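The lines below spell out each chain.
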Amino acid sequence: MSIVLGIESSCDETSASVCIDGKIVSNIIANQTIHEQYGGVVPELASRVHQQNIVPAVHQAIVAAKIDKKQIDAVAFTRGPGLLGSLLVGTSFAKSFALANGIPIIEINHMQAHILAHFIPDGDKALPKFPFLCLTVSGGHTQIVLVKDYFEMEIVGETLDDAAGEAFDKTAKILNLPYPGGPLIDKYAKTGNPNAYQFPEPQIPHLNFSFSGLKTAILYFIRDHVKANPDFLKENMEDICASIQSRIVSILLNKLKKAAIEYQITDIAIAGGVSANSGLRNGLIEFAKDKGWNVFIPKFEYCTDNAAMIAIAGYHKFLKKDFANQDISPLARMPF
Ligand code: KG4
Ligand code: ZN
């Protein structure tokens with residue numbers, strides 16, 4: 001039997017999870033609400049709240065897993081990418097816990113872990129087969145990744161400016177919606193008309209993305225309409241959100257389609273916080289019907305940041321005895 005404890009603290013979620021023989025038996029997530037009033041994550045506050053949350057989160061994960069901490073064989077932690085102060089809390093905790101219990105540590109790349117969340121067993125749900133393509137869309141990243149093996153991944157396309165999550169959150173801010181605005185745009189979009197307004201699709205070469213032009217177009221669009229009608233936002237929120245979401249989703253899916261054709265791959269996955277978006281999930285399912293793809297969409301609880309994805313990634317490194325040294329430090333930027 002192998003038991004891996006996973007720790008995630010790269011941004012504003014403090015999370016701990018226990019994985020026993022490749023199965024996730026607990027996944028505790030402590031959200032930080034303090035950032036809402038500032039309209040975005042404040043790094044210094046995030047690391048302080050991680051310090052408060054990490055011990056209770058780990059304790060709860062161990063209790064929920066019905067194990068004793070002495071049974072844990074290794075600690076996997078997010079080394080990067082992310083906010084340095086936040087990563088330091090998880091990394092320091094993982095190192096101390098491992099030292100105190102005489103067990104090894106395993107470093108995990110947060111973006112790889114989002115993808116490896118697809119290997120968390122879920123009943124008889126099929127797992128993607130290597131090689132597959134994964135569109136990884138979060139608050140900080142937008143990448144099309146060619147996944148050749150658990151830890152052999154190649155980025156074949158990425159954003160040149162804002163991430164898809166940022167595109168959602170920044171446009172939500174223009175609409176006076178609180179942070180994080182992505183889920184709210186999704187909520188309003190459900191009852192809106194996606195064809196009500198046409199926003200531009202950027203012409204970016206090959207498999208890369210850009211969202212900054214879209215953000216500017218939306219800013220001017222809202223400014224001009226509100227000037228003509230101060231109630232424009234209130235009266236049309238659903239249609240505006242549906243139209244914005246529809247454009248972000250079409251930008252993402254058109255590039256994914258291009259990548260699938262270029263690499264001749266039919267197993268297609270999505271991962272990261274924005275993979276919780278209902279427009280993206282439904283759009284991908286429609287695309288798949290059309291193209292004959294096998295699509296892999298994570299469960300909601302594994303879309304946004306969580307330690308279960310760190311624990312499952314850690315389990316696959318544990319099997320290879322791929323351990324890190326105690327002198328390891330976190331990395332704000334961390335290539336695959
Ligand atoms: O992966 P994640 O939890 O954290 C990062 O690693 O960045 O992603 C957070 C991002 C935020 O930008 C949030 O607005 C977005 O995911 N997000 C969504 C939805 N749920 C979360 N965006 C659109 N629709 C959603 N339902
Ligand atoms: Zn993430």
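Everything below is about the structure shown above.
A quick note: this is a predicted structure, and the numbers were derived from the prediction, not measured. (Residues numbered from 1 in each chain as written. Chains lettered and ligands numbered in written order. Predicted model: local features only at pLDDT ≥ 70, side-chain atom pairs only at ≥ 80, totals over all residues. Heavy atoms only, no water.)

Undergrad: For this particular structure, what's the right way to read the overall build of the protein chain?
TA: Scanning the protein chain from terminus to terminus reveals nine helices and ten strands. Taken against the 2.2 N^0.38 rule, which gives 20 Å for 336 residues, the C-alpha radius of gyration of the protein chain at 20 Å falls within 12% of a compact globule. Summarising its shape, the C-alpha atoms of the protein chain cover approximately 65 × 45 × 30 Å along the three principal directions. Burial analysis of the protein chain (336 residues in total) assigns 54% to the buried set. Counting 30 positive and 34 negative side-chain charges, the protein chain places the averaged centre of each group 1 Å from the other. (Helix = DSSP H or I, 4+ residues; strand = E, 2+ residues; numbered from the N terminus. Rg over C-alpha atoms; globule rule 2.2 N^0.38 Å. Buried < 20%, exposed > 50% of the residue type's maximum accessible area, 1.4 Å probe, protein only. Lys, Arg positive; Asp, Glu negative; His and termini not counted. Charge placed at Lys NZ, Arg CZ, Asp CG, Glu CD.)

Undergrad: I keep staring at the side chain of Asn277 and nothing clicks. Help me out?
TA: For Asn277, the location among the structural elements is in the loop between β9 (267-271) and α8 (278-291). The exposure class assigned to Asn277 is buried, which follows from its relative accessible area of 6%. A distance of 3.0 Å separates a polar side-chain atom of Asn277 from the backbone nitrogen of Gly279. Among all residues touching Asn277, those that are not within four sequence positions of it are Phe168, Asp186, Gln245 and Val249. (Polar contact = N/O pair within 3.5 Å; in protein donor to acceptor, adjacent residues only side chain to side chain. Contact = heavy atoms within 4.5 Å.)

Undergrad: Could you clarify how one ought to interpret the pairing of strand β6 (residues 132-137) in this entry?
TA: With six of six residues buried, β6 lies mostly within the body of the structure. Alternating residues of β6 divide into Phe132, Cys134 and Thr136 and Leu133, Leu135 and Val137, and every residue in both groups is buried. Taken together, the six bridges between β6 and strand β7 (residues 142-149) define a ladder with antiparallel strand orientation. Paired with Cys134 across the bridge in β7 is Val145. The turn linking β6 back onto β7 is made up of four residues. Alignment of β6 against β9, held across four bridges, turns out to be parallel. (Pairing = 2+ DSSP bridges.)

Undergrad: How should the pattern of salt bridges be read in this particular structure?
TA: Any two side chains of opposite charge can pair, on the condition that their charged atoms come close. Summed over the entire model, instances satisfying the criterion amount to 14 salt bridges. The partner of Lys170 in a salt bridge is Glu166, and the shortest N-O contact between them spans 3.3 Å. Of this pair, Lys170 and Glu166 are both found in helix α4 (residues 164-174), four residues apart, which corresponds to roughly one turn of the helix. Asp231 is the salt-bridge partner of Lys234, the closest N and O atoms lying 3.8 Å from each other. A relative accessible area of 69% means that Lys234 is categorised as exposed. (Salt bridge = Lys/Arg side-chain N within 4 Å of Asp/Glu carboxyl O.)

Undergrad: When you look at the packing of α4 against helix α7 (residues 232-263) in this model, what are you seeing that I'm missing?
TA: Two quantities define a packed helix pair, namely the angle between the axes and the distance from one axis to the other. In the contact formed by α4 and α7, the axes pass within 11 Å of each other and the chain directions differ by 165°. What the angle tells us is that α4 and α7 run roughly antiparallel. Judged by the twist between their axes, the crossing of α4 over α7 is right-handed. Residues Ala164, Ala167, Phe168, Thr171 and Ile174 of α4 lie in contact with α7, whose contacting residues are Leu233, Ile244, Gln245, Ile248 and Leu252. (Axes fitted to C-alpha atoms, helices over the stretch in contact; angles between N-to-C directions. Parallel < 35°, antiparallel > 145°, perpendicular 65-115°, else oblique. Left-handed = near helix turned anticlockwise from the far one by under 90°.)

Undergrad: Honestly, the site of ligand 1 in this entry has me stumped. Any pointers?
TA: Among the 18 residues in the neighbourhood of ligand 1, the closest are listed as Gly139, Asp169, Asp186, Gly273 and Asn277. In the environment of ligand 1, a nitrogen atom lies 2.8 Å from a nitrogen or oxygen atom belonging to the side chain of Asp186. The fraction of the free accessible surface of ligand 1 (560 Å²) that becomes covered by protein chains is 89%. Mapped by element, the contributors of at least two residues to the shell around ligand 1 are α3 (110-116), α4 and α5 (182-189). In terms of residue class, the shell around ligand 1 is built from five nonpolar, ten polar and three charged. Looking at the shell around ligand 1, you find at least three residues from each of domain 1 (3-116 + 303-319) and domain 2 (126-298). (Near = heavy atom within 4 Å. Areas by Shrake-Rupley, 256 points an atom, 1.4 Å probe, with all protein chains shown as cover. Nonpolar A, V, L, I, M, F, W, Y, C, P; charged D, E, K, R; others polar. Domains from an automatic or database assignment.)

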